[in-house]
Amino acid sequence: MRILVTGGAGFIGSAVCRHLVGEGDFVLNVDALTYAGNLKSLRAIENQPNYAFLQADIRDEETILDAMRANDIDAVMHLAAESHVDRSIDGPDIFLQTNVIGTFRMLSAGRYWAELPADRREAFRFHHVSTDEVYGDLPFDSGIFTEETPYKPSSPYSASKAASDHLARAWCHTYGLPTVLSNCSNNYGPFHFPEKLIPLVTLNALDGRDLPVYGEGQNVRDWLFVEDHARALEAVIKKGAPGETYNIGGRSERTNIDVVRTICAILDDERPRPGKSYADQITFVTDRPGHDRRYAIDPTKIETELGWKARETFESGLRKTIRWYLGNDWWWAPIRETDKGERRGRGHVE
């Protein structure tokens, strides 16, 4: 397939690009290269004949439409988004601009689909990639998110993603654009921007800095290795039915404090410090405003209908991730020089 991927220089997007190119698909990566976009994440494929890059803003509808036509695109995988909850609390405007208006412009550019011959129109897909955070949160001791769970977003970030999900469904229902949606749990893995929990804790530990844990660390997340997610997204765009939604999760629920302690234990094993444990650096900080208690994804639908299953356990994937950070400071060290991993999301709204 010839696939346009938005946000392909980001964490999940770059994993998708590397995977699809490796599978032999042509990938046009469209990315605005904002703070979290990093072309170094694509170094392994940048010279491949079935990969191309276009720096563009997803709100620039005509540029996107021209790119679809010029590259004879068969499908769109829309991942470009502002994604950090803490940043959305501090400054929600860019989240609405990118996640809502940007998705609207992408869907509008999807009129390209109507220009295709009948057989290619039938096969075309617009895949909108979203998050489990649109569902709000769950009690600590029960419940799981399914594709029928009502939306109840808690943060400016999740509200903006919920809005974009509704737009994608509306374009399918009203205009016939063959959209498919996926909502995923928390991703982790190589090339993850250092502001997120797992890379932040890993790198702060190596630097001898505090390892901040919100509240008492009892908030629960379902973790998904990013390369497993990339395979799932390929399954959705190639085999998913128009109008359908697929939840993608790793069946790996962990409390935040357990995640941090597991990172410390792996580091104690992989890079030991005599007489000291990295866990000694754990500190508890004031909780983020509106912090969701628990997320848990039921991936039964994608497992049974599309034949996807996560290959990594949380423990195997986390060890792979930490080993990657230990061996690839060429990628993360320049980022840490400008982004120190300081606390965000205290509740001030600009």
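Residues numbered from 1 in each chain as written. Predicted model: local features only at pLDDT ≥ 70, side-chain atom pairs only at ≥ 80, totals over all residues. Heavy atoms only, no water.

1. A look at the sheet that holds strand S6 (residues 179-184)
(1) Moving on: Strand order in the open sheet formed by seven strands is S3-S2-S1-S4-S5-S6-S10, and the pairing between neighbours is parallel. Each end of this open sheet is capped by a strand with a single partner; those strands are strand S3 (51-55) and strand S10 (245-248). Mean inter-strand twist for the sheet, computed between neighbouring axes without regard to direction, equals 20°.
(2) Moving on: Examined bridge by bridge, strand S2 (residues 26-31) and S3 share five bridges and lie parallel to one another. Residue pairing in the sheet places Val30 in a bridge with Leu54 of S3.
(3) Moving on: Helix-sheet contacts for helix H1 (residues 11-22) involve strand S1 (2-6), S2, S3 and strand S4 (75-78), and the interaxial angle to S1 is about 165°. (Pairing = 2+ DSSP bridges. Helix = DSSP H or I, 4+ residues; strand = E, 2+ residues; numbered from the N terminus. Axes fitted to C-alpha atoms, helices over the stretch in contact; angles between N-to-C directions. Contact = heavy atoms within 4.5 Å.)

2. Let's talk about the nonpolar core
(1) Moving on: Counting 33 residues, the largest nonpolar core has Val5, Val16, Met77, Leu79, Leu233, Ile248 and Ile302 as the members making the most contacts within it.
(2) Moving on: For this core, the elements supplying multiple residues, two or more each, are S1, H1, S4, S6, helix H8 (226-239) and S10.
(3) Moving on: Setting aside anything within four residues of it in sequence, one finds Ile248 in contact with Ser182, Asn183, Cys184, Ser185, Leu224, His229, Ala232, Leu233, Ile297, Ile302 and Trp308.
(4) Moving on: One finds Phe26, Ile64, Met68 and Val76 within the second-largest nonpolar core, a separate group that totals 25 residues. (Core = buried A, V, L, I, M, F, W, Y, C linked by side-chain atoms within 4.5 Å. Buried < 20%, exposed > 50% of the residue type's maximum accessible area, 1.4 Å probe, protein only.)

3. Here we look at the pattern of salt bridges
(1) Moving on: Scanning the model with the defined rule gives 22 salt bridges in all.
(2) Moving on: In this structure, the salt-bridge partner of Arg293 is Asp137, at a minimum N-O distance of 3.0 Å. Of the two residues, Arg293 sits in the loop between strand S12 (282-285) and helix H10 (300-305) while Asp137 sits in the loop between strand S5 (125-131) and helix H6 (156-175), which places them 156 residues apart along the sequence.
(3) Moving on: By relative accessible area, Asp137 is classed as partly exposed at 27%.
(4) Moving on: Arg231 is paired through a salt bridge with Asp228; the nearest N and O atoms lie 2.9 Å apart. You can see Arg231 and its partner Asp228 sitting in helix H8, three residues apart, about one turn around the helix.
(5) Moving on: Relative accessible area serves as the criterion here: at 15%, Arg231 is assigned to the buried category.
(6) Moving on: If you follow the salt bridges from partner to partner, you end up with Glu61, Glu62, Arg105 and Arg111 in one network. (Salt bridge = Lys/Arg side-chain N within 4 Å of Asp/Glu carboxyl O.)

Shape is all these values report; function is a separate question.
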